[in-house]
Amino acid sequence: MIVTTEIEGGIATVTLNRPEKLNAWSLEMFEALSDAAGQLGGARAVVITGAGGAFSAGLDLAVMASMAGKLDDVKARMAEADETGANFYQRPVTAWAHLPVPVIAAIEGVCFGAGMQLALGADFRIAAPDARLSIMEARWGLIPDMGITQSLPKLLRADEAKMLMMTGRQLSGTDACDMGLVTEVSTAPLERARSLAEELAARSPEALSGAKQLVEEVWAGGPDALKLEADLQAALMGSPNQMEAVMANMQKRAPKFG
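These numbers come from a predicted model, not from an experiment.

Rules behind the numbers
- Residues numbered from 1 in each chain as written.
- Predicted model: local features only at pLDDT ≥ 70, side-chain atom pairs only at ≥ 80, totals over all residues.
- Heavy atoms only, no water.
- Pairing = 2+ DSSP bridges.
- Helix = DSSP H or I, 4+ residues; strand = E, 2+ residues; numbered from the N terminus.
- Contact = heavy atoms within 4.5 Å.
- Axes fitted to C-alpha atoms, helices over the stretch in contact; angles between N-to-C directions.
- Patch = residues over 30% accessible without salt bridge, like charges linked within 9 Å, V, L, I, M, F, W, Y side chains within 5 Å.
- Areas by Shrake-Rupley, 256 points an atom, 1.4 Å probe, with all protein chains shown as cover.
- Salt bridge = Lys/Arg side-chain N within 4 Å of Asp/Glu carboxyl O.
- Buried < 20%, exposed > 50% of the residue type's maximum accessible area, 1.4 Å probe, protein only.
- 1 Å grid on protein atoms, 1.4 Å probe; cavity = no way out; pocket = protein on both sides within 12 Å on 5 of 7 lines; lining within 4 Å.
- Points joined across faces, edges and corners; volume = space filled by probe spheres on them.
- Nonpolar A, V, L, I, M, F, W, Y, C, P; charged D, E, K, R; others polar.
- Core = buried A, V, L, I, M, F, W, Y, C linked by side-chain atoms within 4.5 Å.
- Phe/Tyr/Trp six-rings, centres within 6.5 Å; stacked < 30°, edge-to-face > 60°.

### With respect to the sheet that holds strand β2 (residues 11–16)
Then, number 1: Across the sheet, six strands lie side by side as β1-β2-β3-β4-β6-β9; this open sheet has mixed pairing. Across the chains shown, the open sheet's two edge strands, defined by having one partner strand only, are β1 (3–8) and β9 (184–185).
Then, number 2: Here four bridges tie strand β4 (residues 103–107) to strand β6 (residues 124–127), and the two strands are oriented parallel to one another. Its bridge partner lying in β6, Ile104 is registered against Phe124.
Then, number 3: Most of the contacts of helix α1 (residues 27–37) go to β1, to which it runs at about 20°, and overall it touches β1 and β2.
Then, number 4: Packed on one face of the sheet, helix α9 (residues 189–201) meets β2, β3 (45–50), β4, β6 and β9 and runs near 165° to β4.

Next comes the structure, spelled out in structure tokens:
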């Protein structure tokens, strides 16, 4: 299975399971993550991790290539929002904020692009010191559009967020923790995440859900922000400069923007 879910002792472990691709996202993974978030009614806490020593390398390049040939369909899907304001591509990330239980991302290896936005969609992030994290969409001439407006404002100053979004800069787990993107650094992030999950699961579930709702509703942007993500991204996709960013990246050369 491309995403696996195990529940033991009230702790759910959701694993991105494409280790041969560094857990890069296929379209099936978008659906599988959304489905997984909707099937955790019995859990008291959730840990999200990646198989094979990497959290996620982001969007699979094969998916990006397939999208290029059907941009009208992709943009139409981006315009279709559910009752929370999220579209198909945002839902795998934003769905975790709607769970009434704490969600913890255990990060090792690479955590790029879509993987980074998934980690930001969790309530807590435990990263290995040498993990590599990046909001990488700028490399492809795009913006992060998978719920970044809901997560990043709670963590960073506006100038810090712009710096990471505009440069695609990579951070170590330690640097990300110093900046505030990561909650804790651990040499054993999955074990530490499970320990934190057990600690939180021992608390009153109503107190946990109430605290989470308070922060989500007061700190986060609203559904209009999700629509803005989709609208801006739709305008960028397939544009000459975006295609030049892709070609330059694939050909390992400096881009020549118009």
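### Quick notes on a nonpolar patch on the surface
Then, number 1: Taken together, the side chains of Leu214, Val215, Val218 and Trp219 make up a nonpolar region of the molecular surface, amounting to roughly 400 Å² of accessible area.
Then, number 2: You can see Leu214 is positioned in helix α10 (residues 205–219).
Then, number 3: Overall, the relative accessible area of 54% leaves Leu214 in the exposed class.

### Quick word on the pairing of β1
Then, number 1: Two strands pair when backbone bridges link them, and β1 and β2 are joined in this way by six bridges, in the antiparallel orientation. Within β2, the position partnered with Ile7 by the bridge is Ala12.
Then, number 2: Linking β1 back to β2 in an antiparallel pair, the connection comprises two residues, with Gly9 at a positive phi of about 60°.

### As for the layout of surface pockets
With a probe scaled to a water molecule rolled over the atoms, the places where space remains empty come into view.
Then, number 1: Volume-wise, the largest pocket comes out at about 920 Å³.
Then, number 2: Leu59, Asp60, Leu61, Met64 and Trp140 are, among the 37 residues lining the largest pocket, the residues nearest its centre.
Then, number 3: Contributing elements (two or more residues each) for the lining of the largest pocket: α2 (61–68), α3 (71–78), α5 (113–120) and α12 (240–250).
Then, number 4: When the residues that make up the lining of the largest pocket are grouped by side-chain class, the tally is 24 nonpolar, seven polar and six charged.

### Notes on the nonpolar core
Then, number 1: Ranked by size, the top nonpolar core spans 60 residues in total, and within it Trp25, Val46 and Trp96 carry the most contacts.
Then, number 2: Leave out the neighbours within four places in its chain, and Val46 touches Ala12, Val14, Leu40, Trp96, Leu99, Val101, Pro102, Val103 and Ile104.
Then, number 3: Counting residues in hydrophobic clusters, the runner-up holds 12 residues, among them Ala106, Ile126, Ala197 and Leu208.

### Thoughts on the packing of aromatic side chains
Then, number 1: Applying the stated criterion across every chain yields a total of four aromatic pairs.
Then, number 2: Between Phe30 and Tyr89, the aromatic rings sit 5.6 Å apart at their centres with planes inclined by 90°, giving edge-to-face as the arrangement. In this pair, Phe30 sits in helix α1 while Tyr89 sits in the loop between α3 and α4 (91–94), placing the two residues 59 residues apart along the sequence. Take Phe30 and Tyr89: they sit in the same class, and that class is buried.
Then, number 3: Judged by centre distance (5.0 Å) and plane angle (85°), the ring pair of Phe88 and Tyr89 falls under edge-to-face.
Then, number 4: The exposure class of Phe88 is buried, given its relative accessible area of 11%.
Then, number 5: Site record: aromatic cluster; members linked through ring pairs are Trp25, Phe30, Phe88 and Tyr89.

### A word on unusual backbone geometry
Then, number 1: The phi dihedral of Asn23 falls on the positive side, at around 60°, and the residue is not glycine.
Then, number 2: One can find Asn23 in the loop between β2 and α1.
Then, number 3: Given the relative accessible area of 0%, Asn23 is considered buried.
Then, number 4: With a phi angle near 55°, Lys252 is a residue other than glycine that sits in the positive phi range.
Then, number 5: Tracing the backbone shows Lys252 in the segment after α12.

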